[in-house]
Number of protein chains: 2
Amino acid sequence: MTRITANEFSGATFRPQQFVQSERQNSKLNIEQLNLFLESSPENAKLTHDLITQVTTDPVLKTGSDYYDLDKAQHRRATALKIAKMALYMEEDIQMAFKKYRNHDVVKGLQTDEKYPILTAKDLGIFDKRLSIISNQDPQLGTRIGVHLGLFGNCIRGNGTDEQIRYWLQEKGALFLKGIYGCFAMTELGHGSNVAQLQTRAIYDPKTESFVVNTPDLPATKWWIGGAAHSATHATVYARLIVEGKDYGVKTFVVPLRDPETFQLLAGVFIGDIGTKMGRDGIDNGWIQFQNVVIPREYMLSRYTKIVHSGSGVRVATEPTLDQISGYSALLNGRVNMVMDSFRFGSKFVTIAVRYAVGRQQFAADNDKSGNAPETQLINYPLHQYRVLPHLAIVYLISPVAFKLMDTYHSTLDELYKVSSAGDKGQLKLVSMKLKDLFIDSASLKATNTWLVAAVIDELRQACGGHGYSAYNGFGKGYNDWVVQCTWEGDNNILSLTSARSILKKYADLAKGKVQETESFRYLSPELVMAVLRGTKAAKLDTPKDYFEVWGIMLIKMLHFCAKLVKETKSADSISKHLVLISRFHAFHSMLRAFYLKLKSPSDSHVSDESSQEVLWKLYRLFSLYFIDKHSGEFQQFKVFTPDQISTLVQPKLMALLPEIRKECIALTDAFKLPDAMLNAPIGYYDGDIYNNYYNEVLKNNPPEADGPGKPEYHQCLTTMLRRGFQGTENLAKLGK
Amino acid sequence: MTRITANEFSGATFRPQQFVQSERQNSKLNIEQLNLFLESSPENAKLTHDLITQVTTDPVLKTGSDYYDLDKAQHRRATALKIAKMALYMEEDIQMAFKKYRNHDVVKGLQTDEKYPILTAKDLGIFDKRLSIISNQDPQLGTRIGVHLGLFGNCIRGNGTDEQIRYWLQEKGALFLKGIYGCFAMTELGHGSNVAQLQTRAIYDPKTESFVVNTPDLPATKWWIGGAAHSATHATVYARLIVEGKDYGVKTFVVPLRDPETFQLLAGVFIGDIGTKMGRDGIDNGWIQFQNVVIPREYMLSRYTKIVHSGSGVRVATEPTLDQISGYSALLNGRVNMVMDSFRFGSKFVTIAVRYAVGRQQFAADNDKSGNAPETQLINYPLHQYRVLPHLAIVYLISPVAFKLMDTYHSTLDELYKVSSAGDKGQLKLVSMKLKDLFIDSASLKATNTWLVAAVIDELRQACGGHGYSAYNGFGKGYNDWVVQCTWEGDNNILSLTSARSILKKYADLAKGKVQETESFRYLSPELVMAVLRGTKAAKLDTPKDYFEVWGIMLIKMLHFCAKLVKETKSADSISKHLVLISRFHAFHSMLRAFYLKLKSPSDSHVSDESSQEVLWKLYRLFSLYFIDKHSGEFQQFKVFTPDQISTLVQPKLMALLPEIRKECIALTDAFKLPDAMLNAPIGYYDGDIYNNYYNEVLKNNPPEADGPGKPEYHQCLTTMLRRGFQGTENLAKLGK
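Bear in mind the structure is a predicted one, so any value in this text is a computation, not a measurement.

Engineer: Looking at this structure, I do not really get the overall build of chain A. What am I missing?
Structural biologist: Helix and strand content of chain A: 24 helices and 11 strands. In terms of C-alpha radius of gyration, chain A reaches 29 Å, essentially the compact-globule figure of 27 Å for 737 residues. Taken along its principal axes, the extent of the C-alpha atoms in chain A is 100 × 90 × 85 Å. Total accessible area on chain A stands at roughly 26,300 Å², and carbon and sulfur atoms take up 53% of it.

Engineer: Would you explain empty space enclosed by the protein in this entry?
Structural biologist: Which parts of space are left empty comes out when a probe the size of a water molecule is rolled across the atoms. All names here are of chain A. Applying the stated criterion across every chain yields a total of seven cavities of 30 Å³ or more. Of the volumes computed, that of the second largest cavity is approximately 110 Å³. Along the wall of the second largest cavity there are 17 residues; nearest its centre are Tyr 67, Tyr 68, Gln 137, Lys 348 and Gly 474. The set of elements that each furnish at least two residues to the lining of the second largest cavity consists of α9 (320-359), α12 (475-482) and α22 (676-679). Residue contributions to the lining of the second largest cavity peak at four residues, all from α9. In the lining of the second largest cavity, the residues fall into nine nonpolar, five polar and three charged.

Engineer: Quick question: what am I supposed to make of the state of the cysteines here?
Structural biologist: Within the structure shown, the criterion is met by zero disulfides over all chains. With no disulfide of its own, Cys 486 of chain A lies 15 Å from the sulfur of Cys 464 of chain B, the closest cysteine sulfur. Judged by relative accessible area, which is 2%, Cys 486 of chain A ranks as buried.

Engineer: Can you walk me through the relation of the copies chain A and chain B in this structure?
Structural biologist: Both copies of the chain are related through a single rotation about an axis accompanied by a shift along the same axis. Note on the copies: chain A fits chain B at an RMSD of 0.0 Å, the axial shift is 0.0 Å, and the rotation between them is 180°. The relationship between the two copies is best expressed as a two-fold rotation axis. The C-alpha atom lying nearest the rotation axis in chain A is that of Gly 633 of chain A; the distance is 1.8 Å.

Engineer: Would you explain the pairing of strand β6 (residues 246-256) of chain B in this entry?
Structural biologist: Side chains on a regular strand alternate between the two faces of the sheet. All names here are of chain B. Pairing of strand β5 (residues 234-243) with β6, which is carried by nine bridges, proceeds in the antiparallel orientation. Within β6, the residue paired with Ile 242 across the bridge is Asp 247. Between β5 and β6, which pair antiparallel one after the other, the connecting turn spans two residues, and Glu 244 there sits at a positive phi close to 50°.

Engineer: Help me understand the pairing of strand β10 (residues 305-310) of chain B, please; the structure alone is not making it clear to me.
Structural biologist: All names here are of chain B. Alignment of β10 against strand β11 (residues 313-318), held across six bridges, turns out to be antiparallel. Of the residues in β11, the one forming a bridge with Ile 307 is Val 316. Hairpin connection, β10 to β11: the antiparallel pair is bridged by two residues, and Gly 311 has positive phi, about 65°.

Engineer: Explain the interface of chain A and chain B here, please?
Structural biologist: A common way to state how big an interface is: give the accessible area lost once the parts meet. Taken residue by residue, the interface counts 165 residues in chain A and 165 residues in chain B. Of the roughly 14,300 Å² buried at the junction of chain A and chain B (both faces included), carbon and sulfur atoms supply 56%. Counting across the interface, chain A meets chain B through 10 salt bridges. Ionic pairing is found between Asp 629 of chain A and Lys 577 of chain B, a salt bridge with its closest N-O pair at 2.8 Å. Our count for the chain A to chain B interface comes out at 63 residue pairs in polar contact (both at pLDDT 80 or more). Examining the composition of the side of chain A that touches chain B, we find that 12 residues originate from one element, helix α4 (residues 72-98) of chain A, more than from any other.

Engineer: What should I look at first to understand the sheet that holds strand β8 (residues 286-290) of chain B in this one?
Structural biologist: Across a sheet, paired strands are connected by hydrogen bonds in the backbone, their directions being either parallel or antiparallel. Residue and element names in this part refer to chain B. Strand order across the open sheet formed by three strands is β4-β8-β7, with antiparallel pairing between neighbours. Only two strands of the sheet have a single neighbouring strand rather than two, namely β4 (222-225) and β7 (269-273). Sheet twist, expressed as the mean angle between neighbouring strand axes with direction ignored, is 25°. As judged from the five bridges shared by β7 and β8, these two strands associate in the antiparallel manner. For Val 269, the partnering residue across the bridge sits in β8 and is Phe 290.

Engineer: Please explain helix α8 (residues 162-171) of chain B as it appears in this structure.
Structural biologist: Among the residues of α8 of chain B, Gln 164, Ile 165, Arg 166, Trp 168, Leu 169 and Gln 170 of chain B are the ones counted as buried. Gly 173 of chain B sits one or two positions beyond α8 of chain B and adopts a positive phi of about 105°.

Engineer: When you look at the environment of Met 186 of chain A in this model, what are you seeing that I'm missing?
Structural biologist: All names here are of chain A. Within the secondary structure, Met 186 is located in the loop between β1 (182-185) and β2 (201-205). When the C-alpha positions of Met 186 and Glu 713 are compared, they lie 46 Å apart, and in sequence the two are 527 residues distant. Discounting residues that sit within four places of it in the chain, Met 186 has contacts with Val 195, Leu 198, Lys 222, Ile 225, Tyr 238 and Leu 331.

Engineer: What's the story with the packing of aromatic side chains in this structure? I'm lost.
Structural biologist: The geometry of an aromatic ring pair comes down to the distance between the two centres and the angle between the two planes. Following the criterion strictly, the structure yields 73 aromatic pairs over all chains and no others. When the ring of Tyr 67 of chain B is compared with that of Tyr 68 of chain B, the centres are 5.7 Å apart and the planes differ by 70°; the resulting orientation is edge-to-face. A single burial state applies to Tyr 67 of chain B and to Tyr 68 of chain B, both of which are buried. Relative to Phe 588 of chain B, the ring of Trp 551 of chain B lies with its centre 5.2 Å away and its plane at 75°, an arrangement referred to as edge-to-face. Of this pair, Trp 551 of chain B sits in helix α15 (residues 546-569) while Phe 588 of chain B sits in helix α16 (residues 576-600), and the two are 37 residues apart along the sequence. On the basis of relative accessible area, Trp 551 of chain B is assigned to the buried category, the value being 0%. What makes Phe 588 of chain B buried here is its relative accessible area of 0%. Aromatic ring contacts, followed pair by pair, group Tyr 386, Trp 551, Phe 585, Phe 588, Phe 623, Tyr 626, Phe 627, Phe 635 and Phe 641 of chain A into a single cluster. For the cation-ring pair, Lys 598 of chain A lies above Phe 37 of chain A, with the distance from its terminal atom to the ring centre recorded as 5.4 Å. Here Arg 24 of chain B stacks its cationic end above the ring of Tyr 686 of chain B, 3.5 Å away from the centre of that ring.

Engineer: Just to check I follow, could you spell out the side chain of His 715 of chain A for this structure?
Structural biologist: In this fold, His 715 of chain A is placed in helix α24 (residues 715-723). In this structure His 715 of chain A comes out as buried when scored by relative accessible area, which is 15%. Look past the residues within four positions of His 715 of chain A in its chain and what remains in contact with it is Thr 262 and Phe 263 of chain B.

Engineer: Would you mind showing me how to read helix α12 (residues 475-482) of chain B here?
Structural biologist: The α-helix winds at 3.6 residues per turn, so residues separated by three or four positions along the chain end up facing the same way. Counting buried residues along α12 of chain B, eight of its eight residues qualify, which places the element largely inside the surrounding structure. Turning to α12 of chain B, its buried residues number three or more, namely Phe 475, Gly 476, Lys 477, Gly 478, Tyr 479, Asn 480, Asp 481 and Trp 482 of chain B.

Engineer: Is there a simple way to think about the packing of helix α6 (residues 125-137) of chain B against helix α7 (residues 139-159) of chain B in this case?
Structural biologist: When two helices pack together, their arrangement is given by the angle between the helix axes and the distance between those axes. Residues and elements named next belong to chain B. Interaxial distance between α6 and α7 falls to 6 Å at its minimum, and their mutual angle equals 145°. Listed contacts from α7 to Phe 127, Leu 131, Ile 134, Ser 135 and Gln 137 of α6 are Pro 139, Leu 141, Gly 142, Ile 145, Gly 146 and Leu 149. Considering only residue class, the contact of α6 with α7 consists of seven nonpolar, four polar and no charged.

Engineer: Please clarify how unusual backbone geometry should be interpreted in this entry.
Structural biologist: As a rule of thumb, non-glycine residues mostly have phi less than zero, and peptide bonds are mostly trans rather than cis. Even without being a glycine, Trp 224 of chain A presents a positive backbone phi close to 75°. On the secondary structure map, Trp 224 of chain A appears in strand β4 (residues 222-225). Phi angles above zero are rare outside glycine, and Asn 292 of chain B is one such case at about 50°. Locating Asn 292 of chain B in the fold gives a position in the loop between β8 and β9 (293-296).

Parameters at a glance
- Residues numbered from 1 in each chain as written.
- Chains lettered and ligands numbered in written order.
- Predicted model: local features only at pLDDT ≥ 70, side-chain atom pairs only at ≥ 80, totals over all residues.
- Heavy atoms only, no water.
- Helix = DSSP H or I, 4+ residues; strand = E, 2+ residues; numbered from the N terminus.
- Rg over C-alpha atoms; globule rule 2.2 N^0.38 Å.
- Areas by Shrake-Rupley, 256 points an atom, 1.4 Å probe, with all protein chains shown as cover.
- 1 Å grid on protein atoms, 1.4 Å probe; cavity = no way out; pocket = protein on both sides within 12 Å on 5 of 7 lines; lining within 4 Å.
- Points joined across faces, edges and corners; volume = space filled by probe spheres on them.
- Nonpolar A, V, L, I, M, F, W, Y, C, P; charged D, E, K, R; others polar.
- Disulfide = S-S within 2.5 Å.
- Buried < 20%, exposed > 50% of the residue type's maximum accessible area, 1.4 Å probe, protein only.
- Least-squares fit on C-alpha atoms with pLDDT ≥ 70 in both.
- Pairing = 2+ DSSP bridges.
- Contact = heavy atoms within 4.5 Å.
- Buried area = accessible area lost by both parts, 1.4 Å probe.
- Salt bridge = Lys/Arg side-chain N within 4 Å of Asp/Glu carboxyl O.
- Polar contact = N/O pair within 3.5 Å; in protein donor to acceptor, adjacent residues only side chain to side chain.
- Axes fitted to C-alpha atoms, helices over the stretch in contact; angles between N-to-C directions.
- Phe/Tyr/Trp six-rings, centres within 6.5 Å; stacked < 30°, edge-to-face > 60°.
- Lys NZ or Arg CZ within 6 Å of the ring centre and 35° of its normal.

The following block contains the structure:
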């Protein structure tokens, strides 16, 4: 029995399709312009659209609802097949970037001809975007390629000499998903965030000019290494450099793991599978132990640290300014990408939950006494608006800052590469300062946005009721895949603490007359700080600008409070709970400011349509108000707002915006332009036909048994149980005593 | 290669075992007394201990780390085998409850002899506890039996006549997991919370004295029905009773689904599998469609609604006071159990995370400049204490209220059963009032505590870093299994709204002179309300009592605010966001008050040891302070505390308690007395040997490949990719134009 259609039936009727469609008919918004705003430019928007079409239709790459039923082994196999297909697309993407198609093999040139340039991040831009987009439908695939290109590749790019970069990434072919496949062996069983204390050792032997790599004890086992269990042929290994008995701290080395022809493990390399995880089981995370693995001296990545043989002696030469920071630079790429992921992944779940909220009906309105009125659409309940619409605002607010951060990352890293190749010390110092600000911003934005999106998925799943718990509507796997982003490549709490400590230091520097010139710290201008502390600058919510400035005021007051507390207690530990909030508020300020500047500039925003501009301003205000209200404890405690202002200003403004945005909620999610194949969640499909779509996907993946009766293979253990007799003791007298 | 032990190694050393052990040596607490406090009485504590031992050692029932690697089909089969084993334990448990072992078969008597009494909830008390405890290690098993006994069984018990109860539950054997197996067919694809609008129909045919059950359209398909896909032989079906064209609303019916001998589906019954879910895949949730399924009139559950044939006419007689409430009473049992589950499930994850925090080291202390100091234990960081220890307080605070709610539930339901059997109208009204309060309390406590424990699991997983993301440490499946508790058997938001609306109504009744006598609403005494509103009663935190009373003051102020707003706006919708908080705060008040009363009474608390008493008071204060701080927005907005009180009173008290409780955190988790086999998470095992335990479980479940090389079966698709040539176009000239 498939769909039931009983024409004579006069009971409750549901019209989810009509509800969703009528929202579209009544919308005043310009979807195209909103999409340009979200995708940052017409070129980007077109590329995004083309890539989405390709990855959702390619028969190897596409991801259907059967995806939710795969077991670990099936996920791993499917991911490997997809990697191989992505490799083919990569060559095209590089040709596209070079705009050379005819009579020319760009990849061959890059791989075999030394006259070709070293590839920049920009040259890989199209493929990076493809990867980012496909991660949205299959996050584990994104990680598995991302570990190779983003972590293994960027570790070499950030720490290797030009020759090493060319050798490993181009000549060997790594950048083209060719020749070798890399993994990133940083974390150990006993050490995660504290990279400086990693215990794997690389002891230099001057006679043979080689390193001996060893895992000294169990906790030093490399652990969680994505790709190690089955796919990687090489690893960038973080290990202590030990030369003539002296420990120079943790450096990076390329260590071969498997023969790329046969995939057999090399001598001295012991590898196992980490096994099942909360999510992303398509990634073959593994553990690695090294026993006297010998690698040539040339395999140490030597951009900032070199082994120098002079006469009979050996010494280690380092570039102190950048040696340490470069060790972490491989992680920067991931953090920047995770902010973009937050936008894309969040947009998926907001689309699903908004469409469901418009199509689903539940209970009659409060004022219906007849009992016959049609049930109310979920989205028309103020509580449901409060549960869903702020998440829409969150996703809109992530986009501008994500694109801005990506641009800053690319320009700063390009600059660093050029300056360090040229060896210009003065310029190096300038770039390293920019790099530090990039660390602060990316850390605070990574932590804040990955946490926000975890809450987005979790709360929107609940807003879809029981159907949100079905695997086929995507929330379960989505959440399980997502939340590791809060932990890996910089634990969110650690990132928040380190970025907030740097912000606190910048605040302290103000007193010493150091002015912050950088974009992200405009709120630390001496004028504003003085005005806030003197009480001549009060928070208000009159003009659009006020909505981001209020977070600057909040930050100044909290920083002032924390600086005082640290002075009194002589310990930064006592304020760690506040520091986490400072990092979060800094991110909110950056997000609001980036959105504000973009929307104010017609050439940046690409939005000329007035209704569309207006609704974007509403989302902007909603984001700020929602979080002022969520953090009204701090806003009152630090006297940015009075209790009465919360009751009469903030909350009424917040609640008044919800029904306004509700009117355009379908158009606002349509503007993400996510096809059903990307959503992969039938209760959120475009046509709004919730019940038929959902029912069909469930039946497709769970067809009733061929022999009809719905008997489980284990039914005998149940029938035996149901048929059993009694087990008590009766008529013992018969036995005598 | 298994463990590496290099004696000569002098690098960082980890001593997780010693850390955990030394906490035990330094503890002043009396673990036994704390355990009695948590388990409510010596008898209960002994029973709990015995049951835990049995379910963790029985080879069919025990759950090892291989559990995390089972796929859906394996989970379902394993669950069925466990059900069959539990059925055998059940007969013993009933004999134990009746204290009749010799020369007697209690179960046979109950099943076959009408002189035997109808079983009460108390008679099943031991088995219920067994089920509650085994749910802690395998939640899906708990559900699969719970649906049969708790939902199917209680639906019959709450809505059936004495004859129907005896017939289905005893004579047929359902209560003994015999003869028939039930499911609970309430929700439909299109209707969840709005039970009154369910669309399945049971049309009465007076001539044949039978009902015809039909599913009129697709959204009326019974959906999410646990046990329906493969195990249930019978269902209690919620369907509209239609007699002579008149719709009497939703009533309950027993409908056979499968032949219990052969498990074949009966005519007109169409069933399918709902498929994969976010968690609990061991439950065979299914969908059911009925096409003209005929059942005899006796299968309608008729305690409060009867079909009466009189002469040539037919009428429907109902008991209006209880007809509606009884429809929902089957859900009460689940809600009460979920509060107990919250205590037990939460205690597991708190134990794991606290032991890990004590054993795990990370970074050196702030004041170490040498770089050689051993790394600091996570638990010694104030931020980590703040992230972990309040969750310990939460779990401790759930226990007293959970036991109290369970007692109230049993006594109220017993009373209802007696009074309704006797047909005493006056008494019925009294009991129905008690039942209403039980609805309010259980709704607010179910919603609040299932949400709290979802946050406990999620935040503690993050506090265990990357290792928290491994399936083998339990957080992933734990979270996925848990969160459905926030949605099923009453969506948390809906439950919060309905309970808060009732509380608001009680507040409004005060003005009309109605005084609340019931235990849970002591804060609604006219004296307190007047004093708070007049400003003569201010919040303080001096004596222990203040720590729960402050929540009463908060509630009164919020209720006052909401009542005013509803009056002004004429709509309860505008305050729905506040209502959710009122329900939450009501639960906090109940939890604190129950804990306070228990701890104050030596005979109830079973704690005579002073250090143990003291630490319990600290947990009590921590719980209250943690949530005052979390909700400091409301506390300031409603002027319970001033901004300065938050800074100088609440937060310093909160932060000062953390290092105090930290000193006893291992003993406080040991007091839960959870064996490793119940924790099933190697980073949390008793001996604290984190790294060896975790490594061993990973290796046990992922043994390195027998042929050594670690080659995946899909390696060829990778080698083919890595070996591939170039795909660009070269030397086109050769082809001519």
